[in-house]
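Breakdown of the fold
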Amino acid sequence: MLPTTLDEAVSALLAQPAAVPVAGGTDLMADVNSGQLRPAALVGLGRISEIRGWSYQDGHAVLGAGLTHARMGRPDFAALIPALAAAARAAGPPQIRNAGTLGGNIVSASPTGDALPVLAALEATLSIAGPEGSRRELPVSHLLAGMDMLRPSEVVGYVKVPLLHAPQTFLKATSRTGPSRALASVAVVLDPMRRGVRCAVGAVAPMPLRPLEAEQWIASLIDWDGERSLAPEALSAFGEYVAMACIPDPTPEEGADGTPGAVPQLPPAALHLRRTVATLARRGLGRALA
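Residues numbered from 1 in each chain as written. Predicted model: local features only at pLDDT ≥ 70, side-chain atom pairs only at ≥ 80, totals over all residues. Heavy atoms only, no water.

1. Quick word on the pairing of strand 5 (residues 125–129)
For clarity, the threshold we go by: The classification of residues rests on relative accessible area computed with a 1.4 Å probe and restricted to protein chains. Under 20% of the type maximum is buried, over 50% is exposed, and intermediate values are partly exposed. For the purposes of this entry, the term helix denotes a DSSP run of H or I that reaches at least four residues, the term strand denotes a run of E that reaches at least two, and both are numbered from the N terminus. For two strands to count as paired, DSSP must find a minimum of two bridges between them.
Buried residues dominate strand 5, accounting for 5 of its 5 residues. Covered by surrounding structure in strand 5 are Thr125, Ser127 and Ala129 together with Leu126 and Ile128, the residues of both alternating faces. Sheet topology note: the strand 5/strand 6 (residues 135–139) ladder contains 5 bridges and is antiparallel. For Ala129, the partnering residue across the bridge sits in strand 6 and is Arg135. What sits between the antiparallel neighbours strand 5 and strand 6 is a turn of 5 residues, in which Glu132 has the positive phi angle 60°. In the sheet, strand 5 pairs with strand 7 (residues 155–162) via 5 bridges, with the strands oriented antiparallel. Looking across to strand 7, one finds that Ser127 is bridged to Tyr158.

2. Here we look at unusual backbone geometry
Glycine aside, residues mostly have negative phi angles, and peptide bonds mostly take the trans form. Phi is positive for Glu132, close to 60°, though the residue is something other than glycine. In this structure, Glu132 sits in the loop between strand 5 and strand 6. With a relative accessible area of 85%, Glu132 lands in the exposed category. Notably, His165 is not glycine yet its phi reads approximately 50°, a positive angle.

3. Remarks on the pairing of strand 3 (residues 54–57)
Sheet topology note: the strand 3/strand 4 (residues 60–64) ladder contains 4 bridges and is antiparallel. Residue Trp54 lies in a different strand from strand 4, and its bridge partner there is Leu63.

4. Focus: the side chain of Thr125
Cut-off, in case you're wondering: Residue contacts follow a heavy-atom distance rule, with two residues in contact if any of their heavy atoms lie within 4.5 Å.
For Thr125, the position within the fold is in strand 5. When its relative accessible area of 19% is taken as the criterion, Thr125 is described as buried. If near-sequence neighbours (up to four positions away) are discounted, Thr125 is found in contact with Glu137, Leu138, Pro139, Val140, Tyr158, Val159 and Lys160.

5. Remarks on the pattern of salt bridges
Basically, it comes down to this: A carboxyl oxygen of Asp or Glu within 4 Å of a side-chain nitrogen of Lys or Arg is what we treat as a salt bridge.
In this structure the tally under the stated criterion is 13 salt bridges. Where Arg136 meets Glu154, a salt bridge forms, and the shortest distance between an N and an O atom there is 2.9 Å. Here Arg136, found in strand 6, pairs with Glu154, found in the loop between helix 9 (140–145) and strand 7; they are 18 residues apart in sequence, far enough to count as distant. Exposure class is identical for Arg136 and Glu154. Each is buried. Through salt bridges with shared partners, one network takes in Glu123, Asp191, Arg194, Arg198, Arg210 and Glu215.

Have a look at this one:
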C-alpha cells in the first residue's frame, strides 16, 4: 500500500491493523533480515510529499517526518538546527543517510539513534495523525520514555522544534561494533532567552538522559549578558557532573546488621563509558560557548 497523504496512511492502517508503516526502512529491514520481525503487510510512506519538507510556525521549525538524514545534513538545514544536522551527518554511510528518515529514527527509538538526544535537548514535540482526520501533539521525550505511545493506526506526521537562534552541538563516540553506531552521544543546546543550558546523553540507556541538575548548575555560572565563557575547570566539572548523573556509582551493599557495606566498583567498560560521556559533554559545551 502506497498512500499519498497522512490521512490515507491512517486509513490503510485502520483497514489492515497488522500492517507496519515504513519510510526509509533502514531499521525495519534490519529486523526483518535478522528474523526479529515478520510483518503481515507494509504501508509505505515514501509517497507522502507533505512530510518531506519543513515550514515555520510560531517560532518553531515544523519538520516533516519523512525528511531524510541526507537532506537534514545539508547547509541550509544546518543553519536552522545545527545539532540536528550534525546528528544527521553522523547517522551512517551514504546509503543509510539517503534512506533513513527523521520519523523512522523516532518511532524505532533505538538507543543509539543519533537524532534522539538532539530532539530531547531541544524539547521537540510530535504532531501525530490519527483516525477521522484527528491530530494530537506529544513530546518526543514522552514517547521515548514510554509515558505515551502511538495508538493503533496513528502515524507521526511532523516534528516541531523550537528555533532558539543560539549555539548547539552534537558529538558522539562510536563503538567497535560498527563505524557509525554510537557508544555514547551528547547534545548541548544553549537557550539564552531562558538563560539555560540543555544537555541530553544518548546510547548509554534505553532513552536519552537529561542531567537536569548539571544543566542548572552550569547555567548559573554563565555570564549570559557578557562573553558566555567558562574556565576550563568549570567545563571539566560539567562533564564529570553529566557523566556521574548518567552512569552513577553502584548502590553500597548492605551489611548483615543493616549498616552500609562496601561500595561495589563499576566494571572497566562502564568506567570507560563514563569517561567518554564526560569528555563529550565537556567538549560539546565548550564548542557551544566558543
